[in-house]
Structure formats: structure tokens, C-alpha cells
Amino acid sequence: MPGTKRFSLWTKEKPGGERELRTSSKVFLSVLPFLLAALLFPALVTFEKIDGGSEIIEVLAYVIIVLVITMSLVTLVISLIDYLRSLE
């Protein structure tokens, strides 16, 4: 519907109809890899010290690979939905 604005947590609309990431989104997405690494490293060191720790780390690596692939597909689907909505 023309004239109706949709609120987006991640983006804001600029004059001219362009969209850009909100500042809070940029900060969150920039800091997220460092936070994940800071949380993951102590866990990996702990797993390394226990018996069978290498197998646990291997399983965690496979889980991370599956999560990355899944999140990539979800992002692709959301992008396609957003693109198709823009064609309306």
C-alpha cells in the first residue's frame, strides 16, 4: 500500500527510497565474530584437555559447517522474498 511505512529492525530507508543498515546493526554485525570467537576459544581449549576432545572438536566443526550452510540458505530465501515483495 502506498504511503505505508514498514519498520525494519535492521535497515532504515533513506531519502530517495534507498535502504541502508542501521548503525546498531552495523555495530552488532561487526562485533559478532569477535564475540563468537571469544566464547568459542575457551570451550575449545577445555575440550582439548579432556579424553576424546579431538572428536568433540571435530563434531563441533561439522555442526558449525551445517549452521553456516543453513543460515546462508535462510538468508537467500529471505532475500528472495524481500525481492519478490519489492516487485509488487
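Everything quoted here is computed from the prediction, not taken from an experiment.

1. Some thoughts on the overall build of the chain
Now for step 1: The number of helices and strands found in the chain is 2 helices and 2 strands.
Now for step 2: Mapped from its N terminus to its C terminus, the chain presents α and β elements in the order β-β-α-α.
Now for step 3: Its C-alpha atoms give the chain a radius of gyration of 19 Å, more than 25% over the compact-globule value 12 Å for 88 residues.
Now for step 4: With the C-alpha coordinates of the chain rotated into their principal frame, the extents come out at 60 × 25 × 15 Å.
Now for step 5: Looking at the chain as a whole, 3% of its 88 residues qualify as buried.
Now for step 6: Taking as baseline every contact in the chain between residues at least 6 positions apart, the subset at least 24 positions apart corresponds to 9%.
Now for step 7: With an accessible surface of roughly 7,900 Å², the chain has 71% of that area assigned to carbon and sulfur atoms.
Now for step 8: Between the mean site of the 9 positive side-chain charges and the mean site of the 9 negative ones, the chain shows a separation of 16 Å.

2. Here we look at the confidence of the model for the chain
Parts of the model with low pLDDT should not have their predicted coordinates read in detail.
Now for step 1: With 91% of its residues at a pLDDT of 70 or more, the chain shows a mean pLDDT of 84.
Now for step 2: The lowest-confidence element of the chain is strand E2 (residues 19–21), averaging 75 in pLDDT; the highest-confidence one is helix H2 (residues 53–86), averaging 91.

3. A closer look at the packing of helix H1 (residues 23–49) against H2
Now for step 1: The N-to-C vectors of H1 and H2 enclose an angle of 145 degrees; their axes lie 7 Å apart at closest approach. Judged by residue contacts, Leu-40, Leu-44, Phe-47 and Glu-48 of H1 engage Gly-53, Ile-56, Ile-57, Leu-60 and Ile-64 from H2.
Now for step 2: Of the residues belonging to the contact of H1 with H2, the class tally is 7 nonpolar, 1 polar and 1 charged.

4. Thoughts on a nonpolar patch on the surface
Now for step 1: Taken together, the side chains of Tyr-62, Ile-65, Ile-69, Leu-73, Leu-76 and Leu-80 present a nonpolar region at the surface, about 610 Å² in accessible area.
Now for step 2: For Ile-65, the position within the fold is in helix H2.
Now for step 3: Using a relative accessible area of 46% as the deciding quantity, one classes Ile-65 as partly exposed.

5. Structural notes on the environment of Ala-37
Now for step 1: Relative to the elements of secondary structure, Ala-37 occurs in helix H1.
Now for step 2: According to the relative accessible area criterion, Ala-37 is partly exposed, its value standing at 43%.

Cut-offs used in this document
Residues numbered from 1 in each chain as written. Predicted model: local features only at pLDDT ≥ 70, side-chain atom pairs only at ≥ 80, totals over all residues. Heavy atoms only, no water. Helix = DSSP H or I, 4+ residues; strand = E, 2+ residues; numbered from the N terminus. Rg over C-alpha atoms; globule rule 2.2 N^0.38 Å. Buried < 20%, exposed > 50% of the residue type's maximum accessible area, 1.4 Å probe, protein only. Contact = heavy atoms within 4.5 Å. Areas by Shrake-Rupley, 256 points an atom, 1.4 Å probe, with all protein chains shown as cover. Lys, Arg positive; Asp, Glu negative; His and termini not counted. Charge placed at Lys NZ, Arg CZ, Asp CG, Glu CD. pLDDT = per-residue confidence, 0-100. Axes fitted to C-alpha atoms, helices over the stretch in contact; angles between N-to-C directions. Nonpolar A, V, L, I, M, F, W, Y, C, P; charged D, E, K, R; others polar. Patch = residues over 30% accessible without salt bridge, like charges linked within 9 Å, V, L, I, M, F, W, Y side chains within 5 Å. Salt bridge = Lys/Arg side-chain N within 4 Å of Asp/Glu carboxyl O.

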